[in-house]
Amino acid sequence: MDTEKVGAGDTAINRPGAADQAREDGLQARKTRWIVPLIVALALLGPAITAAIIAVYRPQIERDAYDNLEVTTRLKAQQLEFWLAERRGDGNVVASDADLVERIALMARDPAPTAPAVVRNRLDAVRNSHGYAAVYLLSPQGKILLRSGPAHQISAQTISLLPEAFSSGNSVQTSFYLDRFDDLAAFNIVVPLQRRATDGMQAVAALVFHVEPTASVFSVILGWPSASPSGEMLLV
C-alpha cells in the first residue's frame, strides 16, 4: 500500500500541471502565429525590391535603349549609303574606260558585228560581278542599243533622267517601281558615258544598272540584328 502511494505520488509530481501545459501551448501558438505573416512578408519583399529597382533605373534603361537604337540606325543607314555608293562607283569605273566608250561610240554610228560582242562581254562581266538583274545600254535619246541579262522594264523616270545625267556628268538614281516583267520592286542607276569633243563633252550613251533589291540590298537588311525581319523599325 505505501509503495503504491509513493509511486503514485512520484507520478503526480512528474506530470505537468494544467497551467504549465496551457502556458506552453500559448507560447507555441504565438510562435506559429508569426510564421505565416513572416513568410508572406518575405514573399512580397522580392517583388517590392524589384519594383523599387525598376523605378530607380527605368529612366536610365530607357535612355540606354534609345541611344543603342539610334546608334544601330545610324550604322545601318550608313551601310545602305555605302552600298549605293559602291553601285554608283561601278558605273564610274565603266564610264572612265575611254576605250570602251570609244567602241560604244563607233557601234552607235556603225554597228559592226564585232563591236556589239566586245561591248556585250564587258556589260556581262559588270552584271555578273556585281549582281545586277540586267545592264542596259541606251542612246542619249533613250533607245535601247544593247542589253545584258533578261528583259526588264525601263521605267519612264529612267528615260527622263537621261538629260540630268548627261548635264551633270554624274550617275543618277530612280525611285523604286514595280517591274511589270517579274512584279518585283526595282530601281535603276543611270550612268552617263561621254567623250571629249572640240566643243566640250559629247554624250555617247548611258548605262542603266537594273537593281532588284530582293536579291541584293534586302539580303543586307535581313541580316540586321533586329526583331523586325524587314528592318522597318530601324529605318523610321
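Look up a bit, the structure's there.
Read on for a plain summary of the structure.

So, how was this worked out
- Residues numbered from 1 in each chain as written.
- Predicted model: local features only at pLDDT ≥ 70, side-chain atom pairs only at ≥ 80, totals over all residues.
- Heavy atoms only, no water.
- Helix = DSSP H or I, 4+ residues; strand = E, 2+ residues; numbered from the N terminus.
- Buried < 20%, exposed > 50% of the residue type's maximum accessible area, 1.4 Å probe, protein only.
- Areas by Shrake-Rupley, 256 points an atom, 1.4 Å probe, with all protein chains shown as cover.
- Core = buried A, V, L, I, M, F, W, Y, C linked by side-chain atoms within 4.5 Å.
- Phe/Tyr/Trp six-rings, centres within 6.5 Å; stacked < 30°, edge-to-face > 60°.
- Contact = heavy atoms within 4.5 Å.
- Polar contact = N/O pair within 3.5 Å; in protein donor to acceptor, adjacent residues only side chain to side chain.
- Salt bridge = Lys/Arg side-chain N within 4 Å of Asp/Glu carboxyl O.
- Expected span 1.5 Å × (residues − 1).
- Arc of directions from axis to C-beta.
- Lys, Arg positive; Asp, Glu negative; His and termini not counted.
- Pairing = 2+ DSSP bridges.

Remarks on the overall build of the protein chain
Thinking step 1. Tallying secondary structure elements over the protein chain gives eight helices and six strands in all.
Thinking step 2. Per-residue burial over the protein chain gives 29% buried out of 236 residues.
Thinking step 3. Carbon together with sulfur atoms contributes 61% to the accessible area of the protein chain, which is approximately 15100 Å² in total.

A few points about the nonpolar core
Thinking step 1. Of all hydrophobic cores here, the largest spans 23 residues; its most connected members are Ile-104, Val-119, Leu-123, Leu-137, Leu-207 and Phe-209.
Thinking step 2. Residue assignment for this core shows that the elements contributing at least two residues are α2 (18–95), α3 (98–109), α4 (114–130), β1 (134–138), β5 (185–197) and β6 (200–211).
Thinking step 3. By size, the runner-up hydrophobic cluster in this structure holds twelve residues, among which are Ile-154, Leu-162, Val-190 and Val-208.

Regarding the packing of aromatic side chains
Thinking step 1. Going through the model one piece at a time under the given rule, you end up with two aromatic pairs.
Thinking step 2. A centroid spacing of 4.5 Å and a plane angle of 10 degrees characterise the contact between Tyr-132 and Phe-209, whose relative ring orientation is stacked. Here the residue Tyr-132 occupies a position in the loop between α4 and β1, and Phe-209 occupies one in strand β6, the gap between them amounting to 77 residues. Of the two residues, Tyr-132 and Phe-209, both sit in the buried class.
Thinking step 3. With a centroid separation of 5.2 Å and an interplanar angle of 65 degrees, the aromatic rings of Phe-176 and Phe-187 are classed as edge-to-face. With Phe-176 in the loop between β3 (172–173) and β4 (177–178) and Phe-187 in strand β5, the pair connects residues that are eleven residues apart, well separated along the chain.
Thinking step 4. Assessed through its relative accessible area of 2%, Phe-187 is described here as buried.

Examining the environment of Asp-90
Thinking step 1. With respect to the helices and strands, Asp-90 occurs in helix α2.
Thinking step 2. A sequence separation of 119 residues divides Asp-90 from Phe-209, and the C-alpha atoms of the two residues are 9.4 Å apart.
Thinking step 3. Excluding residues that lie within four positions of it along the chain, Asp-90 makes contacts with His-130, Tyr-132 and Phe-209.
Thinking step 4. In terms of polar contacts, Asp-90 uses its side chain to reach the side chain of Tyr-132, at 2.7 Å.

Describing the pattern of salt bridges
Thinking step 1. Under the definition given, this model contains three salt bridges.
Thinking step 2. Here Arg-122 and Asp-97 are joined by a salt bridge, their closest N and O atoms 2.5 Å apart. Here Arg-122 is found in helix α4, whereas its partner Asp-97 is found in the loop between α2 and α3, with 25 residues between them in sequence.
Thinking step 3. Given a relative accessible area of 22%, Asp-97 falls into the partly exposed group.
Thinking step 4. Arg-195 is the partner of Glu-102 in a salt bridge, and the nearest nitrogen-oxygen pair spans 2.8 Å. One end of the pair, Glu-102, is in helix α3; the other, Arg-195, is in strand β5, with 93 residues separating them in the sequence.
Thinking step 5. Residue classification places Arg-195 among the partly exposed residues on the basis of a relative accessible area of 21%.

Description of α3
Thinking step 1. Taking 1.5 Å per residue, twelve residues should reach 16 Å; α3 reaches 17 Å between its end C-alpha atoms and fits that length.
Thinking step 2. The complete set of buried residues in α3 reads Leu-100, Val-101, Ile-104, Ala-105 and Met-107. Seen from one end, α3 has its buried residues packed into an arc of 160 degrees, which puts them on one side. Facing away from the buried side of α3 by more than 90 degrees, the exposed set consists of Ala-98 and Arg-109.
Thinking step 3. Between the side-chain oxygen of the N-cap and the backbone nitrogen of Asp-99 there are 3.2 Å, and the N-cap of α3 in question is Asp-97.

Considerations on the side chain of Arg-127
Thinking step 1. With respect to the helices and strands, the residue Arg-127 is situated in helix α4.
Thinking step 2. For the buried Arg-127, no salt bridge is present, and the opposite-charge side chain at shortest range is Asp-124, 4.1 Å distant.
Thinking step 3. When neighbours within four sequence positions are excluded, Arg-127 is seen to be in contact with Tyr-132, Ala-133, Ala-134, Val-135, Ser-148 and Gly-149.

Here's the deal with the pairing of β1
A regular strand places its side chains on the two faces of the sheet in alternate fashion.
Thinking step 1. Among the five residues in β1, five count as buried, and that is most of the element.
Thinking step 2. Residues Ala-134, Tyr-136 and Leu-138 of β1 are buried on one face, and the alternating residues Val-135 and Leu-137, pointing to the opposite face, are buried as well.
Thinking step 3. One ladder, built from five bridges, connects β1 with β6; its direction is antiparallel. Residue pairing for β6: Val-135 is matched across the bridge by Phe-209.
Thinking step 4. The pairing of β1 with strand β2 (residues 144–148) spans four bridges and is classified as antiparallel. Looking across to β2, one finds that Tyr-136 is bridged to Arg-147.

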